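One-letter residues, chain by chain:
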Protein chains: 2
Amino acid sequence: MTPGHGPRAGEAGEDARIVRTRADVARTAFDVLVREGSDALTHARVAERAGYSKTTLYKHWPSRFDLAATALEALGDVAHHEPTGDIRTDLVGELKAFRRAVLDHRLDQVLSAMAQWATDETMRQVRNKINTDGQRPIRAVLEEAFEGAELEAAISMLAGVVACPSLMFGTVPDDDVIEAAVDIVLHSAG
Amino acid sequence: MTPGHGPRAGEAGEDARIVRTRADVARTAFDVLVREGSDALTHARVAERAGYSKTTLYKHWPSRFDLAATALEALGDVAHHEPTGDIRTDLVGELKAFRRAVLDHRLDQVLSAMAQWATDETMRQVRNKINTDGQRPIRAVLEEAFEGAELEAAISMLAGVVACPSLMFGTVPDDDVIEAAVDIVLHSAG
């Protein structure tokens, strides 16, 4: 390496540190969010848990919504069901994947935190995008059988089979409840 | 009034003040919760908005969960649909009453805040009771047509038609979506 590359190497080292810091903070912020609730997601708490100074956190994430957005990045792509082409199998599979995300990643806590943050316009857009992306597979399957008001109803109804018990009672539906919901919807399919 | 009653009259005056303070703080705490989100529901913010000292608030509501519980008291009894005995009319009416509570009382914000607070055991119990009470009318109607896994699925599905769009996208369903959801469920009724 020529001496001319010294500063660049230094920058690369700094970049690597920033990347590591971002990943650490995102993971910690996500963990604080799902274990302690959105109220606990403060610079002080994340700094303490991640082992960084509050100054570092305020430098990279000036507001609490910046911390929140970073926490949501750490959510990554929640696993979806691999489509088979059979509508019943795919709806049941997708709802079980949603249930798995509630159990493994506390997606219910993420959903309710995003609803709380939606008083902020930027966070409202982040929330809408994440939920639109999340519903896309189930919408794609249901579009084969429904349209208009029935389609919108069926999407909310199937999302509700997992979302409602988890948000309202902290529980998830058994397999037979998920299958009953899919059968109720498909019974009306044209 | 004999002199002996002096202190009692004084107590009555103090009681009236306490009752008024409780009502003021409950109303303000509820307002802060639904307009600014659960993060904003702090002693400092409620004191500022209600015009009381922080000392007064900490004296009567030592923790933030005490403030939260008081805010939920102010929710009062959300209006339900008056049952007619016709299952379709009663389900559609109850879902429209739920939608009205989202629009008038931001019940969606209350639901997501309660989900966030449920990391605390007492708040979890408060949440479960409020949601059990809220679902009782729709459960009673659906019990006429369903049982077991189908009943649990149908309750979550109909709750989801209003809860999912409001929590996930900040919108409420049109009449035709509510009616489509009820018809999908009733199509499967035995």
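Note that this is a predicted model, so its numbers are computed, not measured. (Residues numbered from 1 in each chain as written. Chains lettered and ligands numbered in written order. Predicted model: local features only at pLDDT ≥ 70, side-chain atom pairs only at ≥ 80, totals over all residues.)

This part is about the overall build of chain A. Looking only at helices and strands, chain A has 9 helices and 0 strands in total. Overall, chain A shows an N-to-C arrangement of helices and strands of α-α-α-α-α-α-α-α-α. Computed over the C-alpha atoms, the radius of gyration of chain A is 21 Å, more than 25% above the 16 Å expected from 2.2 N^0.38 for a compact globule of 190 residues. The principal-axis extent of the C-alpha atoms belonging to chain A is close to 70 × 40 × 30 Å. Here chain A holds 190 residues, and the buried ones make up 41% of them. Excluding contacts between residues fewer than 6 apart, the proportion of contacts in chain A whose partners are at least 24 apart in sequence is 58%. (Helix = DSSP H or I, 4+ residues; strand = E, 2+ residues; numbered from the N terminus. Rg over C-alpha atoms; globule rule 2.2 N^0.38 Å. Buried ≥ 20, exposed ≤ 12 C-beta atoms within 10 Å, placed from the backbone. Contact = placed C-beta atoms within 7 Å.)

Facing 42 residues of chain B, the contacting portion of chain A comprises 42 residues. Elements with a contribution of two residues or more to the side of chain B that touches chain A: α6 (107–117), α7 (121–142), α8 (148–169) and α9 (175–187) of chain B. For the side of chain B that touches chain A, a count of residues per class yields 23 nonpolar, 12 polar and 7 charged. (Nonpolar A, V, L, I, M, F, W, Y, C, P; charged D, E, K, R; others polar.)

Right, let's get into the relation of the copies chain B and chain A. Of the two same-sequence chains, chain B is brought onto chain A (RMSD 0.0 Å, axial shift 0.0 Å) by a rotation of 180 degrees. Seen this way, the second copy is the image of the first under a two-fold rotation axis. Both copies share a contact surface, since 100% of the interface residues of chain B are interface residues in chain A too. (Least-squares fit on C-alpha atoms with pLDDT ≥ 70 in both.)

Let us look at the confidence of the model for chain A. All names here are of chain A. Mean pLDDT over chain A works out to 89, with 92% of the residues at or above the 70 mark. For the stretch residues 1–9, pLDDT sits under 50, and the model shows 1 contact to residues farther than four places along the chain or on other chains. The ipTM for the predicted assembly is 0.85, set against a pTM of 0.85. (pLDDT = per-residue confidence, 0-100.)

Let us look at the domain arrangement of chain A. Residues and elements named next belong to chain A. Taken as a whole, chain A is organised into domain 1 (3–73) and domain 2 (87–187). Here the C-alpha centre of domain 2 lies 30 Å away from the C-alpha centre of domain 1. Of the residues lining the interface, 7 residues belong to domain 1; the matching set on domain 2 comes to 11 residues. Broken down by secondary-structure element, the contributors of at least two residues to the side of domain 1 that touches domain 2 are α1 (6–36) and α4 (64–73). Broken down by element, the residue count for the side of domain 1 that touches domain 2 peaks at 4 residues, all from α4. Tallied by class, the residues present in the side of domain 1 that touches domain 2 amount to 6 nonpolar, 1 polar and no charged. (Domains from an automatic or database assignment.)

A few words now on the nonpolar core. Formed by 104 residues in total, the largest nonpolar core has its most connected members in A29, L158 and A181 of chain A together with A29, L158 and A181 of chain B. Excluding residues within four positions of it along the chain, A181 of chain B makes contact with A153 and M157 of chain A together with L158 and V161 of chain B. (Core = buried A, V, L, I, M, F, W, Y, C linked by C-beta atoms within 7 Å.)

Residue and element names in this part refer to chain B. Within the secondary structure, H105 is located in helix α5 (residues 87–105). H105 sits 33 residues away from L72 along the chain, and the two C-alpha atoms are 11 Å apart. Excluding residues within four positions of it along the chain, H105 makes contact with L75 and V78.

Direction vectors running N to C along helix α8 (residues 148–169) of chain A and α9 of chain B enclose 70 degrees, while the axes themselves pass 8 Å from each other. By the criterion of interaxial angle, the relationship of α8 of chain A to α9 of chain B is roughly perpendicular. Note that α8 of chain A runs across α9 of chain B; the crossing there is right-handed. Along its contact with α8 of chain A, which presents A149, E150, E152, A153, A154 and M157 of chain A, the element α9 of chain B presents D176, V177, A180, A181 and I184 of chain B. In terms of residue class, the contact of α8 of chain A with α9 of chain B is made up of 8 nonpolar, no polar and 3 charged. (Axes fitted to C-alpha atoms, helices over the stretch in contact; angles between N-to-C directions. Parallel < 35°, antiparallel > 145°, perpendicular 65-115°, else oblique. Left-handed = near helix turned anticlockwise from the far one by under 90°.)

This part is about the environment of T42 of chain B. All names here are of chain B. On the secondary structure map, T42 appears in the loop between α1 (6–36) and α2 (43–50). Residue class for T42 comes out partly exposed when judged on the 18 C-beta atoms lying within 10 Å of it. Along the primary structure T42 and R64 are separated by 22 residues, whereas in three dimensions their C-alpha atoms are 6.4 Å apart.

Over its 22 residues, helix α7 (residues 121–142) of chain A runs 30 Å from end to end, which matches the ideal 32 Å to within 8%, given 1.5 Å per residue. Among the residues making up α7 of chain A, those that are buried are M123, R127, N131, G134, Q135, I138, V141 and L142 of chain A. Where α7 of chain A is buried, its residues touch α4, α5 (87–105), α6 (107–117) and α8 of chain A together with α8 of chain B. (Expected span 1.5 Å × (residues − 1).)

This part is about unusual backbone geometry. Residues and elements named next belong to chain A. One non-glycine residue, R106, lies in the positive phi region at around 45 degrees. Locating R106 in the fold gives a position in the loop between α5 and α6. Classification of R106 as partly exposed rests on a count of 19 C-beta atoms within 10 Å.

All right, on to the environment of V32 of chain B then. Residue and element names in this part refer to chain B. Examined against the element boundaries, V32 turns out to sit in helix α1. Residue V32 is classed as buried on the basis of its 22 C-beta neighbours within 10 Å. Separated by 13 residues in the primary sequence, V32 and R45 have C-alpha atoms spaced 8.0 Å apart. Ignoring anything within four residues of it in the chain, the contact list for V32 reads A40, L41, R45, V46 and R49.

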